[in-house]
Amino acid sequence: MKRRAVALWLAFLALAILVASRVQIGADLSAFLPQSPTPAQELLTEQLRNGVVSRLILLGIEDGTPEAQALTSKRLAQQLRNDRSFAMVNNGEESALAKDSTFLLENRYLLSPAVTPEHFAANALHDALENSLQLLGSPAGVLLKRLIPRDPSGEMLALLDETAGENRPATQDGVWMSRDSKRALLLVQTSAPGFDIDAQEQAVARIRKHFAAATGSPELSGQRLLLSGPGVFAVEARNNIKNVALYFSLFTALLVSLLLWLVYRSGRVLALSLLPVASGALAGVAAVSLGYGVVYGVTLGFGITLIGEAVDYAIYFFTRLGRENSPDTALDTIWPTLRLGVLTTVCGFSPMFLAGFPGLAQLGLFSVTGIIVAVLVTRWVLPVLTPANFSTMPPALLSGWLMRLIGQASRLRLLVLVAMVAAIISMALHRGPLWSDTLSSLSPVPATDLQLDEALRRDLGAPDVRYLVIVRGQNRETALEHAEAVGAQLDRLIRNNPSDSASPLPCRERARERVEVQQLDCAPSSLFSRDTNQPPLTGYDTPARYLPSEKTQRARLAALPDAKTLRANLQQALAGLPFRDDLFEPFISDVAATRNRPPLTQADLRGTSLGLQVESLLVQRDSGWTALLPLRGVTDAGLIRQTLAQPADTGVVLLDLKQESDTLYQSYVREAVLLAAGGALAIVLLLFISLRSPRRVVLVLAPLAAAVIVTTAVVLASGQQLLLFHLVGLLLAVAVGSNYSLFFEREAFRRDHFVTCPGRAAFYREDDSSVRAECLAQPGISKHEGRDDARERTMVSLLVANLATIIGFGMLTFSGVPILTAIGSTVALGAFLSLLFSAVMMGNKVAA
């Protein structure tokens, strides 16, 4: 039977190692997004994982002179453009836009919204030529001088201005530079999707490699590369958590080993104590990997906590080893209590399996699997691996001091009561929400990195999308038509005239295009009255800007006049203007050539940054096509929503990414609290079934409740808001603390105490009067009250286990990962208070 247990354990370890070695580690926010999202949540998930900005990497080059930074920018940009890992590289150089400019010039009449029959009338051409004359003296005059023979109507300049966007960076030496000239700027978009962290890591590595090559010459040495963006954050978060999981695990194991050495002075104890820990951690990783296919970084980091929890079981085992207990029987007397403690842990974490969010469900699965495996290894494997004559003896000085301390702990009851009342009052009077209500609170990104990202985005004018208009269509063409209609409404809002007579978006059927959140309905035009001249938004982007619908393109083709008509109109327009009659023959030729060409398709845009924009803003899904219109400078989201609501049932949604993500997080918090409450109720029911005494149940639960209340109050008093991971920490503190209170309760009500007789290797039951009399009859012994060796060993094991827990979880507070810091600090404090309050409430009975 013993060999079978070890054989099964070894086979299980081999399988767990095999599974864990192939684990995929994730670090994106999908850990905190629902497994079965609503349509709006699904859109949010797409934007967070592979949306408009998820593939952007922001680069800054610092140190050195601005001239040196500009040269490095040019060299680096050229190398990145030759690398297939990057779909777009822009540093402000005109050469980088050459392909886009050529495309715009050749297709300007298909892309320009100004192309109408009236646009080529004589009077319109005359006004355009007069405007061109004025612009010839401006900074754009050099470009215009080359363009005017082919484009006297000004389409090209308008398109360049429109596609360049707003808030363009400052330039120096032909490249983007921050306005204070402290750093050169580049904007890169990876070919790989944002959620592919391995590909993003490779892209970051290639950027660093190219930067090293670009600064290889002596005059460019000493420059520093800054990187930011969602992909960079995901890579750094995963690597950081990997490092925490590795190095902090090793350091924590070292500290726990030192603790065990100081108490037991045995290398064998050190080696065997880590077996349940390693087994439980491997089992947890393997279970999550098999159940979810990916292990999120926070779950992996959470594995460190098993060192502080699973080692407790080995401590209970080795502390029980003595002359009266062989390895086979060391846990027999405390096994019912230990088993009950494990069951309370399972009850506390099992409700997490029901969570609709994989991050929380993974933590529950990892915890339960790891703890169950750790206790089973302690119960059935450690006794087999421990020699039959092996025993441990905690230091007598420690045992005596601890028992005296426990006996005096009841004097602190009034102080504990005062602390409880103060904690409750402080929480009741706490200003502001107890719980953080933003999804960003779960971010593993340090504040310094977020500040750098904000600075680079401000310098670059890069998109920081919050508001998106979502437009659905059964096919690509329909989605583009809807996007054009929505764009017309947004244009009126930008002109601060939402009720003008431009055509509204036509009503469409409801089926397959309805989204469940912020659905826009028809509203009367009277809602659009405004008392301010400030427009509700300053701009927007749309895929229809780069790829108009076929219907729109054909209308623009039909608006182009034939060569004869255009030449006649142009002759009239040139009256009184200093242009030669034959100067605009290229213009007439281009219009004639365009009239005979087919409309643009998405394939025609490939290889340009415009094509990349279309790919980002026009998404195919199972239910059809979705056009995304990011908004800029939103000042009145309500008015935008009302305007887009005309008419109803269009399938148009104004999505506030921040509001939607925060709402999602708040639902996450509510679900987690309800699940934790369900776990707490399961623990209470389990204790009532097992202890069958309301008084004993209260004695077990009171220290845990007090520890939870005081710990929560301390977190809030430190200026923090409660995070989901504080809740996870409180659950684990209850799981660990339940062992302490159950053992205290056991010793307080146990009647089969064994005591020792001085000078003899004899143990006898405290109520065995004959053996007691024999002991007292020994020479030199006039009085002997007996010494409960087993009870002392139990108390010592609780102290050592508590110190191991504090070390294991306390180390997480220095991890630098906010979510792990929240777990570590909460459990360390909660576990300590659970032991302290158990001693305060039941110590006088234990030490009696």
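**Examining the overall build of the protein**
The number of helices and strands found in the protein is 32 helices and 15 strands. Buried positions account for 54% of the 848 residues belonging to the protein.

**Notes on the packing of aromatic side chains**
Within the structure shown, the criterion is met by four aromatic pairs. Plain terms: the ring middles of Phe317 and Phe318 are 4.9 Å apart, the flat faces sit at 70° to each other, and that makes the pair edge-to-face. The two residues Phe317 and Phe318 agree in class, both being buried. A centroid spacing of 5.5 Å and a plane angle of 65° characterise the contact between Phe579 and Phe584, whose relative ring orientation is edge-to-face. There is no split in this pair, since Phe579 and Phe584 are both buried. Between Arg379 and the ring centre of Trp380, over which it is positioned, the NZ or CZ distance is 4.8 Å.

**Some points on the nonpolar core**
The biggest cluster of nonpolar side chains holds 94 residues, and the ones touching the most others in it are Tyr316, Phe318 and Phe744. Ranked by residues supplied to this core, first place goes to helix 32 (residues 818–846) with 14 residues. Every residue in contact with Tyr316, bar those within four places of it in the chain, is listed here: Leu331, Ile334, Leu338, Asn739, Tyr740, Phe743, Ser797, Leu798 and Ala801. Phe120, Tyr467, Ala479 and Leu574 belong to the second-largest nonpolar core, a separate cluster that totals 64 residues.

**A closer look at the environment of Asp459**
Here Asp459 shows up in helix 19 (residues 447–460). A sequence separation of 281 residues divides Asp459 from Ser178, and the C-alpha atoms of the two residues are 5.4 Å apart. Ignoring any residue separated from it by four or fewer positions in sequence, one finds Asp459 in contact with Pro169, Ser178, Arg183 and Leu185.

**Let's talk about the confidence of the model for the protein**
Model confidence for the protein is summarised by a mean pLDDT of 79, while 80% of its residues fall at 70 or above. Here strand 15 (residues 763–765) stands out as the element of the protein with the lowest mean pLDDT, 42, in contrast to helix 22 (residues 550–559), whose mean of 94 is the highest. Across residues 499–531, where pLDDT falls below 50, the model places 90 contacts with residues more than four positions away in sequence or in other chains. Between residues 759–769, whose pLDDT stays under 50, and residues either more than four places distant or in other chains, the model counts 27 contacts.

**Thoughts on the environment of Leu225**
As for its position among the elements, Leu225 is in strand 7 (residues 224–228). Residues Leu225 and Arg208, 17 residues apart in the sequence, show an inter-C-alpha distance of 7.8 Å. Here Leu225 is in contact with Leu59, Gly60, Ile61, Ile207, Arg208 and Phe211, once residues within four sequence places are set aside.

**Quick look at the pattern of salt bridges**
Tallying each qualifying case throughout the model produces 15 salt bridges. For Asp83, the salt bridge is made with Arg206, and the minimal N-O distance between the two is 2.5 Å. Of this pair, Asp83 sits in the loop between helix 3 (66–81) and strand 3 (86–90) while Arg206 is found in helix 9 (residues 197–214), placing the two residues 123 residues apart along the sequence. Residue classification places Arg206 among the partly exposed positions, given a relative accessible area of 33%. Its salt-bridge partner being Arg545, residue Asp541 comes within 3.4 Å of it at the nearest N-O pair. Judged by relative accessible area, which is 13%, Arg545 ranks as buried. When salt bridges that share partners are traced, they join Glu62, Asp63, Arg183 and Arg224 into one network.

Thresholds, definitions, all that
- Residues numbered from 1 in each chain as written.
- Predicted model: local features only at pLDDT ≥ 70, side-chain atom pairs only at ≥ 80, totals over all residues.
- Heavy atoms only, no water.
- Helix = DSSP H or I, 4+ residues; strand = E, 2+ residues; numbered from the N terminus.
- Buried < 20%, exposed > 50% of the residue type's maximum accessible area, 1.4 Å probe, protein only.
- Phe/Tyr/Trp six-rings, centres within 6.5 Å; stacked < 30°, edge-to-face > 60°.
- Lys NZ or Arg CZ within 6 Å of the ring centre and 35° of its normal.
- Core = buried A, V, L, I, M, F, W, Y, C linked by side-chain atoms within 4.5 Å.
- Contact = heavy atoms within 4.5 Å.
- pLDDT = per-residue confidence, 0-100.
- Salt bridge = Lys/Arg side-chain N within 4 Å of Asp/Glu carboxyl O.

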